[in-house]
Amino acid sequence: MRKKKKRKKNEKNKAKKKVIRPWLFFIFIGVLITALISAGLLELYKYITESDRFRIKKIIIHGGEKQIKEYIKRILRLKEIDKNIILFDENELKRKIEMNPDIKTVRIRKKFPDTLIIDVKREIPFALIVMENNLFYLDSDGNIFKIKKHDDYADLPIITGLEAIDADFNLWLKKSIEIISLFLKKGIDRISELHITKYGSVHIYFTNPKIEVVLTHQIEYLDQDRIIKKIQELTKILNYFANYAQIKTIFIDLDCIKNGAVVRLENING
């Protein structure tokens, strides 16, 4: 009996060993494969990060004038730019380039294995605004992007009468940009100044000839359709008096009377 029991016990142990051994083998193979993959990835990482093939050797700048391109090159410090293109932080470079107020947006692309492509969109001045006795440049969206220096040339319309602390500053500035934009679309580009009074009246000063035009006395009610209608009314008046060389118009109020305008002529007799 004892021999039979012992024989059965030995048979069970052999069966367990037969079951366990395949699992141990698979675990060993799995660990081995993982180690090989890890070693391979490490060698690949070393190759990519240390190989000269992936060093930045060429930089292409699209957009921007010569001055802006020179500014970007100074930031890049071309002698030090020989860095790995994969590890290169384009967001940090983008942030530095966009610190220039003349640059609106920057897009940086990596062209493997060794080229950086920098697309620059520069700010285009649309108008000027007077605030706190300084002149600031505005883009076509009404964003202030830099102060005007004394030696900067700018033949642009000037917006006056607004201050950043005004409750309606953003709304009235947006309206001012919209007015100037619509005048330009209609081919009228002689605006020298757009002035908004504290009561919301819009006065436009033209050059060649010099005329003051009151566009509205209530800017808050001036939507795009009303602006276009006012421009059409003004165009008719200017075309009418253009037929009379001896008559010089100096003032037009388009919002004083309904379906009409008040026109003041220069006193020829002095």
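Residues numbered from 1 in each chain as written. Predicted model: local features only at pLDDT ≥ 70, side-chain atom pairs only at ≥ 80, totals over all residues. Heavy atoms only, no water.

Read across the open sheet, the 9 strands follow the order β6-β5-β4-β7-β8-β9-β10-β11-β12; overall the sheet is mixed. Among the strands making up the open sheet, the edge pair consists of β6 (144-147) and β12 (262-265). Taken pair by pair, the neighbouring strands of this sheet meet at an average axis angle of 25 degrees, ignoring direction. Its contacts with the sheet place helix α5 (residues 224-241) against β9 (202-206), β10 (211-216), β11 (249-253) and β12, and it is angled at close to 150 degrees to β11. (Pairing = 2+ DSSP bridges. Helix = DSSP H or I, 4+ residues; strand = E, 2+ residues; numbered from the N terminus. Axes fitted to C-alpha atoms, helices over the stretch in contact; angles between N-to-C directions. Contact = heavy atoms within 4.5 Å.)

Within the fold, Val202 resides in strand β9. C-alpha separation for the pair Val202 and Val214, spaced 12 residues apart in sequence, amounts to 5.8 Å. Apart from the residues within four sequence positions on either side, Val202 is in contact with Ile179, Leu194, His195, Ile196, Val213, Val214, Leu215, Thr216 and Ile219.

Our next topic: the environment of Ile227. Along the polypeptide, Ile227 turns up in helix α5. Once the C-alpha coordinates of Ile227 and Ile179 are considered, the two residues, 48 residues apart in sequence, prove to be 6.7 Å apart. Apart from residues lying up to four places away in sequence, Ile227 is in contact with Glu178, Ile179, Leu182 and Leu222.

This part takes up the packing of helix α4 (residues 169-185) against α5. For the pair α4 and α5, the least separation of the axes is 10 Å and the interaxial angle reads 45 degrees. Judged by the inter-axis angle, α4 sits oblique to α5. Here α4 and α5 pass one another in a crossing that is right-handed. Here Glu178, Ile179, Leu182 and Phe183 of α4 come into contact with α5, specifically with Gln224, Ile227, Ile228, Ile231 and Leu234. Per-class residue counts for the contact of α4 with α5 are 7 nonpolar, 1 polar and 1 charged. (Parallel < 35°, antiparallel > 145°, perpendicular 65-115°, else oblique. Left-handed = near helix turned anticlockwise from the far one by under 90°. Nonpolar A, V, L, I, M, F, W, Y, C, P; charged D, E, K, R; others polar.)

All right, on to the sheet that holds strand β3 (residues 115-122) then. What links the strands of a sheet is backbone hydrogen bonding, and the strands pair in either a parallel or an antiparallel sense. Ordered in space as β1-β3-β2, the 3 strands form an open sheet in which the pairing is mixed. Only two strands of the sheet have a single neighbouring strand rather than two, namely β1 (58-62) and β2 (103-111). Averaged over all pairs of adjacent strands, the angle between strand axes in this sheet comes to 20 degrees, irrespective of strand direction. One ladder, built from 8 bridges, connects β2 with β3; its direction is antiparallel. The partner of Lys111 across the bridge, within β3, is Thr115. In the packing of helix α2 (residues 66-76) onto the sheet, contacts are made with β1, β2 and β3, and the angle to β3 comes to roughly 135 degrees. Its contacts with the sheet place helix α3 (residues 90-97) against β2 and β3, and it is angled at close to 155 degrees to β2.

Let us look at the packing of aromatic side chains. Within this structure, the stated rule accounts for 4 aromatic pairs. For the ring pair Tyr240 and Tyr244, a centre distance of 5.5 Å and an interplane angle of 55 degrees mean the geometry is tilted. On the accessibility criterion, Tyr244 (34% relative accessible area) is partly exposed. What links up through ring pairs into an aromatic cluster is the set Tyr240, Phe241 and Tyr244. Its end group placed over the ring of Phe251, Arg264 keeps NZ or CZ at 4.3 Å from the ring centre. (Phe/Tyr/Trp six-rings, centres within 6.5 Å; stacked < 30°, edge-to-face > 60°. Buried < 20%, exposed > 50% of the residue type's maximum accessible area, 1.4 Å probe, protein only. Lys NZ or Arg CZ within 6 Å of the ring centre and 35° of its normal.)

Before going further, it helps to examine unusual backbone geometry. Following Phe112, the chain continues to Pro113 via a peptide bond in cis, the omega torsion being 15 degrees. Its location among the elements puts Pro113 in the loop between β2 and β3. With phi around 65 degrees, Asn133 is a residue other than glycine that occupies positive phi space. If you trace the backbone, Asn133 turns up in the loop between β4 (127-131) and β5 (134-138). One non-glycine residue, Asn259, lies in positive phi territory at about 55 degrees. With respect to the helices, strands and loops of the structure, Asn259 is situated in the loop between β11 and β12.

Another point: the side chain of Thr249. Structurally, Thr249 is set in strand β11. Apart from the residues within four sequence positions on either side, Thr249 is in contact with Lys210, Ile211, Phe241, Val263, Arg264 and Leu265.

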